[in-house]
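Below are the chains, spelled out letter by letter.
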Amino acid sequence: MPLDIIPIEEQAASRSKAKGGDIWATHKRIDDVSLYERFGQIRRVPLEAQMPHYLDTFNGIESDVMESVPVANYHALQNKATGGLLNVRPVGKSYALVPHDLLFKAQGEQLAGSDLPLDNVEVVDRLYEEGARVHRTIYFHDLQERTPTKNGKNDMVRCRMDIFNSVDMSWTLQIFSGAYRDLCRNTLVFGGEKAYHQRKVHKGSVSAEAMIGKATMGLEMWQGQKEQMRLWRSAPLTEKQFADICKETLCKKNTAAARTDERLAINESRLNWMLERFKEEKQELGLTLWAGYNALTHWATHLPDAQANGRNERKRYQRNDQVRQIIDGPSWRYLEGLAA
């Protein structure tokens, strides 16, 4: 019996095109990060300086004998895929490196676990200046939206997700999702509507996983509950109202001491963290329920404490369930009703 030969789609790296230090490829698999694995595995490497150690005399000529001295709190960036050092300035201790290959691998994993249609997608991977900057676009051809143009006609746009990242501090980490027609490198959107946009400077704690999670949830809302999402985007929510909701729910302690003393009933550390997330969201989304929802989903997907011991999925499920209870709760529904 002759063997049936099943063709295997060529990976993005082998289909890639190059121009100067820029490389790009178009393909159909969200889990294909081969372009970044082959050309853009950026990692920190120790940095050393050549310092005079002692004078040596040979044939009457004195010369310095040099010694390699580690440079504390600074690193160079190496492209492990090519072996070369990036021609960028050293990065400090506070710089939050987000490696391209790991970023898009995390994106693929989160999208695979979502309810978004993935059988008919188009992925465009771009790598600029030998890995210093990248831009990935995923077009969801099964999710389309009609948007009125300035002249009154309907414009068909596809839902998409864009991620911009750099390792040379030239770009912030930015994630867009929504139904829009075009997005250029200066991140101006033309035509359509954003479901979500967030940017993070590469400093301190940057949770790319949480950012991807919110962008994914934004598209899921767009797909299944578009009118509710639009209601939340216009529904007012003050910082005090958001704080009160958190106090009633995920920041409420249920200990014996808390039941006897109201002053001990609030997890202030978590409440302060949630308020910081809401302040970040309101810069893009305003004082709205949509900003509150995205602050809640940031908490649901921000799991650095669970990564080390493999409890991510269970903890993420528990947190997502808590978020669902909040948005189905009386306080949230009351604010929805005021805006309806």
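Above this text is the structure in question.
Residues numbered from 1 in each chain as written. Predicted model: local features only at pLDDT ≥ 70, side-chain atom pairs only at ≥ 80, totals over all residues. Heavy atoms only, no water.

**Remarks on the overall build of the protein**
Per the secondary structure count, the protein includes eleven helices and ten strands. Within the protein, contacts between residues separated by at least 24 positions form 56% of all contacts whose residues are at least 6 apart in sequence. (Helix = DSSP H or I, 4+ residues; strand = E, 2+ residues; numbered from the N terminus. Contact = heavy atoms within 4.5 Å.)

**A look at the nonpolar core**
In terms of nonpolar packing, the biggest core is built from 66 residues, with Phe140, Phe242, Tyr293 and Trp332 touching the most fellow members. When sequence neighbours within four positions are dropped, the list of residues in contact with Phe242 reads Leu237, Met274, Leu275, Phe278, Gly292, Ala295 and Leu296. Counting residues in each nonpolar core, the second largest holds seven residues, with Leu77, Leu86, Val91 and Tyr95 among its members. (Core = buried A, V, L, I, M, F, W, Y, C linked by side-chain atoms within 4.5 Å. Buried < 20%, exposed > 50% of the residue type's maximum accessible area, 1.4 Å probe, protein only.)

**Here we look at helix α9 (residues 289-301)**
The α-helix winds at 3.6 residues per turn, so residues separated by three or four positions along the chain end up facing the same way. Relative to the 18 Å expected for 13 residues at 1.5 Å per residue, α9 spans 18 Å between its end C-alpha atoms, a close match to the ideal helical length. Counting buried residues along α9, 13 of its 13 residues qualify, which places the element largely inside the surrounding structure. (Expected span 1.5 Å × (residues − 1).)

**With respect to the packing of aromatic side chains**
All told, the structure shown has eight aromatic pairs when counted by the stated rule. An angle of 75 degrees between the planes, with centres 5.5 Å apart, marks the rings of Phe164 and Trp171 as edge-to-face. Three or more aromatic residues joined by ring pairs make a cluster, and in this case those are Tyr128, Phe164, Trp171 and Phe176. Positioned over the ring face of Tyr139 is Arg158, at 4.3 Å from the centre of the ring. Over the ring of Trp273 we find Arg277, and its NZ or CZ is 4.5 Å from the ring centre. (Phe/Tyr/Trp six-rings, centres within 6.5 Å; stacked < 30°, edge-to-face > 60°. Lys NZ or Arg CZ within 6 Å of the ring centre and 35° of its normal.)

**Let's talk about the pattern of salt bridges**
Scanning all chains against the criterion turns up 17 salt bridges. The salt bridge partner of Arg133 is Asp168, with a shortest N-O separation of 2.9 Å. Highlighted residues: Arg133 in strand β7 (residues 133-148) and Asp168 in the loop between β8 (154-166) and β9 (173-183), separated in sequence by 35 residues. Judged by its relative accessible area of 10%, Arg133 falls in the buried class. The closest approach of N and O atoms between Lys282 and Glu239, which form a salt bridge, is 2.5 Å. (Salt bridge = Lys/Arg side-chain N within 4 Å of Asp/Glu carboxyl O.)

**Remarks on unusual backbone geometry**
A positive phi is found at Glu129, a non-glycine position, where the angle reads about 50 degrees. Along the polypeptide, Glu129 turns up in the loop between β6 (121-128) and β7. Exposure remark for Glu129: the relative accessible area of 47% places this residue in the partly exposed category.

**Remarks on the state of the cysteines**
With the rule as written, the count across this model stands at zero disulfides. Among the cysteines around Cys246, which has no disulfide bond, Cys251 carries the closest sulfur, lying 4.8 Å off. For Cys246, a relative accessible area of 0% corresponds to the buried category. (Disulfide = S-S within 2.5 Å.)

**Observations concerning the pairing of β6**
Judged by how many residues are buried, β6 sits mostly within the fold: seven of eight residues are covered. Here five bridges tie strand β2 (residues 22-27) to β6, and the two strands are oriented antiparallel to one another. Looking at the pairing, Ala25 lines up with Asp125 of β6. (Pairing = 2+ DSSP bridges.)

**Here's the deal with the packing of helix α5 (residues 226-234) against α9**
At a minimum axis distance of 5 Å, the contact between α5 and α9 shows a crossing angle of 105 degrees. The orientation of α5 relative to α9 falls into the category roughly perpendicular. Every residue of α9 that contacts α5 at Met229, Trp232 and Arg233 is listed here: Leu289, Trp290 and Tyr293. Of the residues contributing to the contact of α5 with α9, the split by class is five nonpolar, no polar and one charged. (Axes fitted to C-alpha atoms, helices over the stretch in contact; angles between N-to-C directions. Parallel < 35°, antiparallel > 145°, perpendicular 65-115°, else oblique. Nonpolar A, V, L, I, M, F, W, Y, C, P; charged D, E, K, R; others polar.)

**Here's the deal with the layout of surface pockets**
If you add up the space inside the largest pocket, you get close to 1,100 Å³. Those elements giving two or more residues to the lining of the largest pocket turn out to be α3 (100-112), α4 (208-224), α5, α9 and α10 (312-327). Of the residues assigned to the lining of the largest pocket, the class counts are 17 nonpolar, 14 polar and ten charged. Counted as a void, the second largest pocket has a volume near 210 Å³. In this structure, the second largest pocket is lined by Tyr196, His197, Gln198, Arg199, Lys200, Glu280, Glu281, Gln283 and Glu284. For the lining of the second largest pocket, the leading source of residues is strand β10 (residues 189-200), giving five residues. Here the lining of the second largest pocket is built from residues that sort into one nonpolar, three polar and five charged. (1 Å grid on protein atoms, 1.4 Å probe; cavity = no way out; pocket = protein on both sides within 12 Å on 5 of 7 lines; lining within 4 Å. Points joined across faces, edges and corners; volume = space filled by probe spheres on them.)

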